[in-house]
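# Results of the structural survey
For reference, the chains in residue letters:
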Amino acid sequence: MARAMANEVREGRGAGPNKDYVLLDLTHLEPAVIDAKLPDITEFARTYLGVEPYTEPVPVFPTAHYAMGGIPTNIKAEVLRDNDTVVPGLYAAGECACVSVHGANRLGTNSLLDINVFGKRAGIYAVEYAKDAKFVDVPEDAIAETVKLIEHMRNATGTEKIAVIRKELQDTMDKNAQVYRTEESLNEALDKIKELRKRYEHIQVQDRGMRFNTDLLEAIELGFLLDLAEVLAFTARERRESRGGHFREDYETRDDEKFMVHSMAYKTESDIKIDWKPVTITNYPPMERKY
Amino acid sequence: MSTAVESVKEIAEVPSFQVTLFVRRFDPENDAEPKWQDFDVTVFGTDRVLDALHKIKWELDGSLTFRRSCAHGVCGSDAMRINGRNRLACKTLIKDLDITQPIYVEPIKGLKVEKDLVVDMNPFYQAYRDVKPFLIASDSPTKERIQSPEDRARFDDTTKCILCAACTTSCPVFWTDNQYFGPAAIVNAHRFIFDSRDEAAEVRLDILNDKEGVWRCRTTFNCTEACPRGIEVTKAIAEVKQAVLRGRA
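Residues numbered from 1 in each chain as written. Chains lettered and ligands numbered in written order. Predicted model: local features only at pLDDT ≥ 70, side-chain atom pairs only at ≥ 80, totals over all residues. Heavy atoms only, no water.

Residues and elements named next belong to chain A. Where helix α5 (residues 144-154) meets helix α8 (residues 214-238), the axes come as close as 10 Å, and the angle between the chain directions of the two elements is 115°. Regarding α5 and α8, the two cross each other, and that crossing is right-handed. Here Ile 150, Met 153 and Arg 154 of α5 lie close against α8, whose contacting residues are Leu 216, Ala 219 and Ile 220. Considered class by class, the residues forming the contact of α5 with α8 number five nonpolar, no polar and one charged. (Axes fitted to C-alpha atoms, helices over the stretch in contact; angles between N-to-C directions. Helix = DSSP H or I, 4+ residues; strand = E, 2+ residues; numbered from the N terminus. Left-handed = near helix turned anticlockwise from the far one by under 90°. Contact = heavy atoms within 4.5 Å. Nonpolar A, V, L, I, M, F, W, Y, C, P; charged D, E, K, R; others polar.)

Next up, the structure:
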């Protein structure tokens, strides 16, 4: 669906003055059906565009609204440091985590599974762990690195604006790593991220406050966004096939021989190292999705 | 499909225009009192008040502080007082305000201001927690609890609450002393009191029969007017009052 929409625009058949969206026609549905089944999306159309979905087609376009993949965990929500070694006492659940229940494409409303099932499981197993866990000696400078990062940022007097770097990052990811991907586009994204990282060292934070400093928060988050964007583009480049939400124009078919595996990304001093983790198949062997 | 496309009204390129925002600022580390600060920004016809605040924060003054997350009226983070009315900044289109006048933006009232437009939400959340906003049932089901569409419809309106606090902080009773549970907590109690699967309606009704409970509502309808989700808040409160007197119908 996303590909079909993006393709219409890419090939010049988009709607609107800038030909940059397509139209969703719901007018064949009874208003009562629309109200019952699509209350939110129709409200957005009315609030933001002044479009009445009962009688008019709605301008739409794909957007990133969920991050597939994340911190690897097992089904107890315990964080893994590699393919199977647990980090004791550390749990992750929700969109940040990757239990690998979604396969290569998280389907609609299934993000609730992450939080309802694995959020609960994380709680259960964290309690179990805490019952017998011994206190460990914490080094005296345990918080030093974090304090240093925050203080460095809080006093940053560079010339680069947070919002400008973030917008350029969004633009390159949107253009090069979203619905359609190629070796070339992903390399372009990686080059751009490298450039943005350099500029990020000269970031400017205007709020020097110690309380509720959202300027500082945005600056720190931008660093993590750069990390995540790089991991995403890097692993997407190394996965030379198409599967689920990952579509490579230069490798249009699925390649189970090589890529029926999870991508595991490791941060090294200078770069990202990629490794693979086998997929455990039980009752339901994955199959190609056909329409 | 082709007829539909031809009949669509073109969403014309909306020209940009200038607006002035007066924003209530308070820096807890340096200010004794809040003060107004004005900013001129160029916005488009499709821009919301949130976009104007972002423009200020991202281009003019990084220290401007406000909460926001989803930016389309679902998460409930950016309730604020805009031209004297509680609204979500992300659902208020600037073109719908009187743009010949400055736009006044201040924090929601009745909660302690932390910084600029950010208030301490803890008293609000505490009232919410106090009404036990979760399903209480004695059995351990082995399959899902079936509910008829009619039974589901009984509390559909109050499931829409996003806990933005626009209703509670528009309530004159809440402003007086902060002790009243407030409309949002009652809305969320309503959501479970009238849920056929729940067994703790009496417990919640008892909590809301408190002197700071439903009886402090003076039916001013501020809450209903403020709700960005269109919930009939005052009606929900009235239904809870009825249930206190006569039991859940």
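Turning next to the interface of chain A and chain B. Each partner contributes residues to the interface: chain A has 29 residues there, and chain B has 36 residues. When chain A packs against chain B, the two sides together hide about 2,600 Å² of surface, and 52% of this comes from carbon and sulfur. Contact with chain B buries surface across chain A, with A:Tyr48, A:Arg211 and A:Phe212 losing the most and accounting together for 27% of the total. For the interface between chain A and chain B, the tally reads five salt bridges. Ionic pairing is found between A:Asp207 and B:Lys115, a salt bridge with its closest N-O pair at 2.9 Å. Applying the counting criterion to the chain A and chain B interface returns 12 residue pairs in polar contact (both at pLDDT 80 or more). (Buried area = accessible area lost by both parts, 1.4 Å probe. Salt bridge = Lys/Arg side-chain N within 4 Å of Asp/Glu carboxyl O. Polar contact = N/O pair within 3.5 Å; in protein donor to acceptor, adjacent residues only side chain to side chain.)

A separate point is the nonpolar core. Formed by 66 residues in total, the largest nonpolar core has its most connected members in B:Leu21, B:Leu53, B:Leu208 and B:Val240. Each of domain 1 (9-119) and domain 2 (122-246) of chain B gives at least three residues to this core. Once residues within four sequence positions are removed from consideration, B:Leu53 is found in contact with B:Leu21, B:Val23, B:Leu64, B:Phe66, B:Met80, B:Ala89 and B:Leu117. A:Ile193, A:Leu196, A:Leu226 and A:Ala233 belong to the second-largest nonpolar core, a separate cluster that totals 25 residues. (Core = buried A, V, L, I, M, F, W, Y, C linked by side-chain atoms within 4.5 Å. Buried < 20%, exposed > 50% of the residue type's maximum accessible area, 1.4 Å probe, protein only. Domains from an automatic or database assignment.)

This part is about a nonpolar patch on the surface. Among the surface-exposed residues, A:Leu149, A:Ile150 and A:Phe224 lie close enough to one another that they form a single nonpolar patch of about 260 Å² accessible area. Summarising the element assignment, A:Ile150 is placed in helix α5. (Patch = residues over 30% accessible without salt bridge, like charges linked within 9 Å, V, L, I, M, F, W, Y side chains within 5 Å. Areas by Shrake-Rupley, 256 points an atom, 1.4 Å probe, with all protein chains shown as cover.)

As a further point, take the sheet that holds strand β4 (residues 85-88) of chain B. Residues and elements named next belong to chain B. Strand order in the open sheet made by the five strands is β2-β1-β5-β3-β4, with mixed pairing throughout. A single partner strand is all that each edge strand has here, and the edge strands are β2 (35-43) and β4. Pairs of neighbouring strands in the sheet enclose a mean axial angle of 35°, with direction left out of account. Where helix α2 (residues 49-60) meets the sheet, its contacts fall on β1 (17-25), β2, β3 (79-82) and β5 (103-106), and the angle it forms with β2 comes to roughly 100°. (Pairing = 2+ DSSP bridges.)

Moving on, we come to unusual backbone geometry. In this model, A:Phe212 sits at a positive phi of 45°, which is unusual for a non-glycine residue. Examined against the element boundaries, A:Phe212 turns out to sit in the loop between β8 (203-204) and α8. Phi at B:Asp116 takes a positive value of approximately 45°, unusual for a residue other than glycine. For B:Asp116, the position within the fold is in the loop between β6 (113-115) and β7 (118-119). By relative accessible area, which is 3% here, B:Asp116 ends up buried.

Time to look at the domain arrangement of chain B. Residue and element names in this part refer to chain B. When its domains are assigned, chain B resolves into domain 1 (9-119) and domain 2 (122-246). Computed over C-alpha atoms, the centres of domain 1 and domain 2 are 29 Å apart. Counting from both sides, the interface comprises 13 residues of domain 1 and, opposite them, 15 residues of domain 2. It is Asn 86, Lys 109 and Leu 111 that lose the most area in domain 1 upon contact with domain 2, and together they represent 41% of the buried surface on that side. Taken together, the elements giving at least two residues each to the side of domain 1 that touches domain 2 come down to β3 and β4. Partitioned by chemical class, the residues of the side of domain 1 that touches domain 2 number six nonpolar, four polar and three charged.

Once that is clear, we can look at the pattern of salt bridges. For the structure on display, the rule yields 48 salt bridges over all chains. Two residues, A:Lys192 and A:Glu195, come together in a salt bridge whose shortest N-O distance is 3.5 Å. With a gap of three residues between them, A:Lys192 and A:Glu195 both fall in helix α7 (residues 183-200), about one helical turn apart. Ionic pairing is found between B:Asp195 and B:Arg191, a salt bridge with its closest N-O pair at 3.0 Å.

Next up on the list: the environment of B:Trp58. You can see B:Trp58 is positioned in helix α2. With a relative accessible area of 28%, B:Trp58 lands in the partly exposed category. Excluding anything up to four places from it in sequence, B:Trp58 contacts A:Lys161, A:Ala163, A:Arg166, A:Glu218 and B:Arg68. Within the structure, the side chain of B:Trp58 is placed 3.0 Å from the side chain of A:Glu218, a separation counted as a polar contact.

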